[in-house]
Amino acid sequence: MGKSKICKTVHQYNKEPIPVYDMKKLQEIAKDYRSIKNYVYGRFGGIRALNAIYPGYTVQNKMTDSGLREKLRGGVPSVYFYLAVMDAVGDIKSQWTKTKVKISYLVSRNGNFSAEDRHYLRFLLKVPDAFSAALNGMPLKLPGDLQERHDRLAGKTDAERLRRYLRRQVRKYHIRPHTEKADGFSIAERAYRYADHGIYISTKEKRKRLFVPLTDGNRYGCRLYVKLYPEENRIEIKAPVYVSVHRHKDYRNRAGAALGMNIMLTADSGRRYGEELGAYEAAYACWMRERTGSDSRNKESNPGRKKYRAQKRRLEERLRSYINKELNRFLREERPQVVYIARLPKPQACGFKGKFRYPAGMWQNSYITGRLKLKCREQSVMIAEVSGRGIGRECSRCGKEGIRESGLFACGICGYRGDYDINTARNALRRGTDAMPRGEDGKGALAAAEAGGA
């Protein structure tokens, strides 16, 4: 049996600035890509086209007959036209999924529905043909057992009342997709070719390709996405790559972890990772504050938006490179089989007051947690989120509430006194292990972590 794999997105960058003339050619493709997607959104994003988007080739055939490809200025190569169509169909399906999830949540919270009512509504949400017929007020014809099941469920409730409810909720919550962005496009294998330490990309001109030198010599044979940055004369190529998951026989520990603003991560063992994170973020925040102030006060000293974006990107890449290096060190030194981390609350709209507002906005919490989860998956490490409510005020020794004093935690009940972050990390470990039943070999905890973690 082959090794399990996960999908990662790798990035490629142009080595030299893209000439303005070449960038305009790429922008033409991106604008046509946007026009095609918006046309598909408008024609197939409503309730009357529900049957057409499953399967997607029905939309593809109808788009071929529409003549849109020829109507766009200069014509659009088929390799871009059909990719844009299928991307739009995917967006429409995703939007319908969000609508169904929202309605399903409302159904479960509605106290006026009986168990039979909820069962019938969930059946309509689950079966595409039944869902489409209910929204369009059409007679329902389902294959075999599905029709019998529908009739049995409908006979136990007021089916017409529930279908009207479903239509009202769809009108209220469903959003037809639309985009104004023309900053990128997908590209299939037959529309590009790697050679000469760069990539040749097909344009709207027949038998002509645009050459872009790249910073690396990697070659990929899959569908790519080209992101355009015309203000900076650069592009970014994104490629999905499947990599094998690594398994470590010596990764047997259970580790609790606590995220911080100045110190990125503290383990229950007492080791710290990313101790310079605060310095990196402070330098970034200071540069942002100075640059924003100088640009607004003195236009003569304004170096231009291109230099501003380039410097901003360098600082962000430097910061995130440091984060990734320290996360790798965390896994290498802690050797965890399971990592327990507190589930933090969503940021509040009010933010922080005074001088803390700007540095707090630079905190890379979502990026750090996202990268930690991805790296845990790559190394076959399970990650489990525990409740973060009151986790910093709780004593890791006796479980009673204590106080925080200048980065230290003090418990007035048992007398424990120690580092605040270490205490939080140990609480995460304790909450995770206490909530997960374990057998003699600990497999129960691992199974629960796998179900609720990464």
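Use the structure listed above.
Residues numbered from 1 in each chain as written. Predicted model: local features only at pLDDT ≥ 70, side-chain atom pairs only at ≥ 80, totals over all residues. Heavy atoms only, no water.

A look at the overall build of the chain
Consideration 1: Helices and strands together make up the secondary structure of the chain, namely 14 helices and 15 strands.
Consideration 2: Split into buried and exposed, the 454 residues of the chain put 46% on the buried side.
Consideration 3: For the chain, long-range pairs separated by at least 24 residues make up 70% of all intrachain contacts whose partners lie at least 6 apart in sequence.
Consideration 4: About 25900 Å² of surface is accessible on the chain, with carbon and sulfur atoms providing 49% of the total. (Helix = DSSP H or I, 4+ residues; strand = E, 2+ residues; numbered from the N terminus. Buried < 20%, exposed > 50% of the residue type's maximum accessible area, 1.4 Å probe, protein only. Contact = heavy atoms within 4.5 Å. Areas by Shrake-Rupley, 256 points an atom, 1.4 Å probe, with all protein chains shown as cover.)

Considering the pattern of salt bridges
Consideration 1: According to the stated counting rule, one finds 26 salt bridges in the structure shown.
Consideration 2: The partner of Lys 37 in a salt bridge is Asp 91, and the shortest N-O contact between them spans 3.4 Å. Here Lys 37 is found in helix α1 (residues 20–44), whereas its partner Asp 91 is found in helix α4 (residues 78–109), with 54 residues between them in sequence.
Consideration 3: In this structure, the salt-bridge partner of Arg 329 is Glu 333, at a minimum N-O distance of 3.3 Å. Of the two residues, Arg 329 and Glu 333 are both situated in helix α10 (residues 305–334); the distance of four residues between them amounts to about one turn of the helix.
Consideration 4: Judged by relative accessible area, Glu 333 falls into the partly exposed class, the value being 36%.
Consideration 5: Each of Glu 160, Arg 163, Arg 164 and Arg 167 takes part in salt bridges that share partners, so that together they form one network. (Salt bridge = Lys/Arg side-chain N within 4 Å of Asp/Glu carboxyl O.)

Looking at the environment of Ala 279
Consideration 1: Relative to the elements of secondary structure, Ala 279 occurs in helix α9 (residues 277–297).
Consideration 2: Along the chain, Ala 279 and Leu 319 lie 40 residues apart, while their C-alpha atoms are 9.8 Å from each other.

Some thoughts on a positive patch on the surface
Consideration 1: Among the surface-exposed residues, Lys 126, Arg 149, Arg 152 and Lys 156 lie close enough to one another that they form a single positively charged patch.
Consideration 2: By the element assignment, Arg 149 lies in helix α7 (residues 145–154). (Patch = residues over 30% accessible without salt bridge, like charges linked within 9 Å, V, L, I, M, F, W, Y side chains within 5 Å. Lys, Arg positive; Asp, Glu negative; His and termini not counted. Charge placed at Lys NZ, Arg CZ, Asp CG, Glu CD.)

Overview of the packing of aromatic side chains
Consideration 1: A full pass over the atoms with the stated rule returns eleven aromatic pairs.
Consideration 2: With centroids separated by 4.6 Å and ring planes inclined at 20°, the aromatic side chains of Tyr 280 and Tyr 322 adopt a geometry described as stacked. Of this pair, Tyr 280 sits in helix α9 while Tyr 322 is found in helix α10, placing the two residues 42 residues apart along the sequence.
Consideration 3: Given the relative accessible area of 19%, Tyr 280 is considered buried.
Consideration 4: Of the residues examined, Tyr 322 reaches a relative accessible area of 7% and is grouped as buried.
Consideration 5: Among the aromatic side chains, those forming a connected cluster through ring pairs are Tyr 192, Tyr 194 and Tyr 220. (Phe/Tyr/Trp six-rings, centres within 6.5 Å; stacked < 30°, edge-to-face > 60°.)

Here we look at the sheet that holds strand β6 (residues 224–229)
Consideration 1: On the basis of which strands lie adjacent, the open sheet formed by four strands has the order β1-β7-β6-β2 and antiparallel pairing. This sheet does not close on itself; its edge strands, each paired only once, are β1 (5–13) and β2 (184–187). With direction set aside, neighbouring strand axes in the sheet form an average angle of 25°.
Consideration 2: Bridge count between β1 and strand β7 (residues 234–244): nine bridges; the pairing is antiparallel. The residue bridging Ile 6 from the neighbouring strand is Val 243, located in β7. (Pairing = 2+ DSSP bridges. Axes fitted to C-alpha atoms, helices over the stretch in contact; angles between N-to-C directions.)

Focus: unusual backbone geometry
Consideration 1: Notably, Asn 233 is not glycine yet its phi reads approximately 55°, a positive angle.
Consideration 2: In this structure, Asn 233 sits in the loop between β6 and β7.
Consideration 3: The exposure class of Asn 233 is buried, given its relative accessible area of 14%.
Consideration 4: Notably, Arg 335 is not glycine yet its phi reads approximately 50°, a positive angle.

Describing α10
Every α-helix carries 3.6 residues per turn, so stepping three or four residues along brings you back to the same face.
Consideration 1: The end-to-end C-alpha distance of α10 is 43 Å, a good match for the 44 Å that 30 residues give at a rise of 1.5 Å each.
Consideration 2: Among all positions of α10, only Tyr 308, Ala 310, Leu 315, Leu 319, Tyr 322, Ile 323, Asn 324, Glu 326, Leu 327, Phe 330, Leu 331 and Glu 334 are buried.
Consideration 3: Of the residues trailing α10, Arg 335 is marked for its positive phi of about 50°. (Expected span 1.5 Å × (residues − 1).)

Let's talk about the sheet that holds strand β14 (residues 408–410)
Consideration 1: With respect to topology, three strands assemble into an open sheet ordered β13-β14-β15, the strand pairing being antiparallel. Of all the strands in the sheet, the pair left with one neighbour each is β13 (403–405) and β15 (417–419). Averaged over all pairs of adjacent strands, the angle between strand axes in this sheet comes to 30°, irrespective of strand direction.
Consideration 2: Pairing of β14 with β15, which is carried by three bridges, proceeds in the antiparallel orientation. Within β15, the residue paired with Phe 409 across the bridge is Gly 418.

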